[in-house]
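Chain and residue survey
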Amino acid sequence: MTQETVAPTSDAVLDREETISRDELEALQLSRLQHTVAYAYDRVPLYKRKFDEAGVHPTDLRELSDLGKFPFTTKEDLRLEYPFGMFAVPQHEVARIHASSGTTGRATVVGYTKKDLADWAKLVARSLRASGVRPGMKVHNAYGYGLFTGGMGAHAGAEALGCTVIPISGGQTERQITLIQDFKPDAILATPTYLLTIADAMMKQGIDPASTSLKYAVLGAEPWTEEMRHELETTMNLKACDIYGLSEVMGPGVAGEAVETQDGSHIWEDHFRPEIIDAFDPTVVLGDGEPGELVFTSLTKEALPIIRYRTKDLTRLLPGTARPAHRRMGRITGRSDDMIILRGVNLFPSQIEEIALRIPELSPHFQLELTRPEGHRMDQMTVRIERRETVTVETGVAAAKVLQQQIKIHVGSSCMVDVVEPGSLERSNGKLRRIYDMRPKG
Ligand code: DLL
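Predicted model, so just to flag it, every value in this text is computed and none were measured.

1. A closer look at the packing of aromatic side chains
Tallied over the entire structure, the rule returns seven aromatic pairs. Ring geometry for tyrosine 41 and phenylalanine 51: centres 5.7 Å apart, planes at 20°, overall stacked. In this pair, tyrosine 41 is assigned in helix H2 (residues 22-43) and phenylalanine 51 in helix H3 (residues 45-54), connecting sequence segments ten residues apart. Among the residues examined, tyrosine 41 registers a relative accessible area of 12% and is labelled buried. Between the aromatic rings of phenylalanine 272 and phenylalanine 296, the centroid separation amounts to 6.3 Å while the plane-to-plane angle is 75°, which identifies the pairing as edge-to-face. Placement of phenylalanine 272 in strand S10 (residues 272-277) and of phenylalanine 296 in strand S12 (residues 292-298) is noted, with a sequence separation of 24 residues between them. Within the aromatic cluster, the residues linked to one another by ring pairs are Tyr41, Tyr47, Phe51 and Phe70.

2. A short note on the layout of surface pockets
By volume, the second largest pocket amounts to about 310 Å³. What lines the second largest pocket is a set of 18 residues, among which Asp200, Met203, Ser363, Arg388 and Glu389 lie closest to the centre. For the lining of the second largest pocket, the secondary-structure elements that each account for two or more residues are helix H8 (192-204), helix H9 (226-236), strand S19 (362-371) and strand S20 (380-387). Here the lining of the second largest pocket gets five residues from one element, more than from any other, and that element is H8.

3. A short note on the site of the ligand
Within the structure, the ligand sits among 19 residues, and Asp242, Ile243, Ser247, Asp313 and Lys431 are positioned closest to it. With respect to the ligand, the backbone of alanine 221 contributes an N or O atom lying 3.0 Å from a nitrogen atom. Between the ligand and aspartate 242 there is a distance of 2.7 Å, counted from a nitrogen atom to a side-chain nitrogen or oxygen. Out of a free accessible area of 600 Å², the ligand has 92% covered by protein chains. If you tally residues by element for the shell around the ligand, the top one is strand S7 (residues 239-246), at five residues.

About the thresholds
- Residues numbered from 1 in each chain as written.
- Predicted model: local features only at pLDDT ≥ 70, side-chain atom pairs only at ≥ 80, totals over all residues.
- Heavy atoms only, no water.
- Phe/Tyr/Trp six-rings, centres within 6.5 Å; stacked < 30°, edge-to-face > 60°.
- Helix = DSSP H or I, 4+ residues; strand = E, 2+ residues; numbered from the N terminus.
- Buried < 20%, exposed > 50% of the residue type's maximum accessible area, 1.4 Å probe, protein only.
- 1 Å grid on protein atoms, 1.4 Å probe; cavity = no way out; pocket = protein on both sides within 12 Å on 5 of 7 lines; lining within 4 Å.
- Points joined across faces, edges and corners; volume = space filled by probe spheres on them.
- Near = heavy atom within 4 Å.
- Polar contact = N/O pair within 3.5 Å; in protein donor to acceptor, adjacent residues only side chain to side chain.
- Areas by Shrake-Rupley, 256 points an atom, 1.4 Å probe, with all protein chains shown as cover.

Honestly, that's just the spatial picture; any functional story needs more than this.
Structure, rendered in structure tokens:
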């Protein structure tokens, strides 16, 4: 089946800020940054306290590099200020609240003014357009609705772009498939692993996932690899692009990928100033191209200005391509708190995804289980992975050996590989849990 020709960006009307020069963009960043640090200092007690403790004042911000003098903000700060302590506007000016699930502690709560919501929708619209979505298209939105920013954030952006939105949310996979068959959407918005669940379920029903009306997928909210892009694009016959964001900074649409280059998401730098720091020594700000932890400062947000927020996402900054003034981010290799340390070797689930998907007999469905067997001081990792439907048990076992060797060669650690029946591992409904940590606590 031939891939539909992708509409070039030239057929779309871009925001002026997408086409300005780097110099003009940096001038805009500086003035917006100066405003934001003063605004945060005046209105949020936590920022006043932290700036005062660090001995910096908003007037110290004379050029962009002065941002490095200001203290970081962390998820812990948001938790301590639960629920509304970080808000910079009175409650009646807060038009919407979102929050993280709070499974690993207190929920982090974020708020938006009417203007924040309009800016957010504009940036999601910009991201979707970059990824090939056009006004008038039908968009099937399978990001979860509710306190999670994915559903409503993507929804508002698709509406702002002028699309017809189908707000299905996550889950109810059978129903998703029926609606895709009947409504014939042009684009789908979902996490990459949930799109995989949908494709998988289609095959089980005897529907060829490549035969649907879908031409574009805009995928994010969890790490994914080029190998996963290839898997989804070939099984579903569509173009898959990345969208990145996090609730503390805004939600989806902090950065978006252009379909004509598919070379990483452009950070919308007219609204966010990114930095990369050394995750282990945050006093070190790294240069473009160097891998480290991504840090964001918001430039226009009213309800929740965020100064030097430590995302824990590991990536690097790359020069702009399709939108030359806006730097790109490399693929996120993982979160610093999702890093597995196995006998002294650092490893991320995305590395396993990359290696496993290069072995044709193995499917993209896998889990990592960490254990510490009785009497052992060393941790053990078992990769539990489904063989492909078309492959025999023996071939699957042989593929497991290959995976084990490849992990040893490319990651440098020994692990066990357990090849399981197709369809036996839990499927994603949104953000997929890859790591099952069964080690004794403490
Ligand atoms: O996941 C926002 C979002 C919704 C982004 C829909 C894209 C699409 P949170 O729940 O706050 O917000 O989780 C944010 O998810 O720090 C990353 O670790 C991860 N993440 C988000 N987008 C990507 C991506 C939303 N494109 C956290 N690639 C972030 C890799 C991503 N990781």
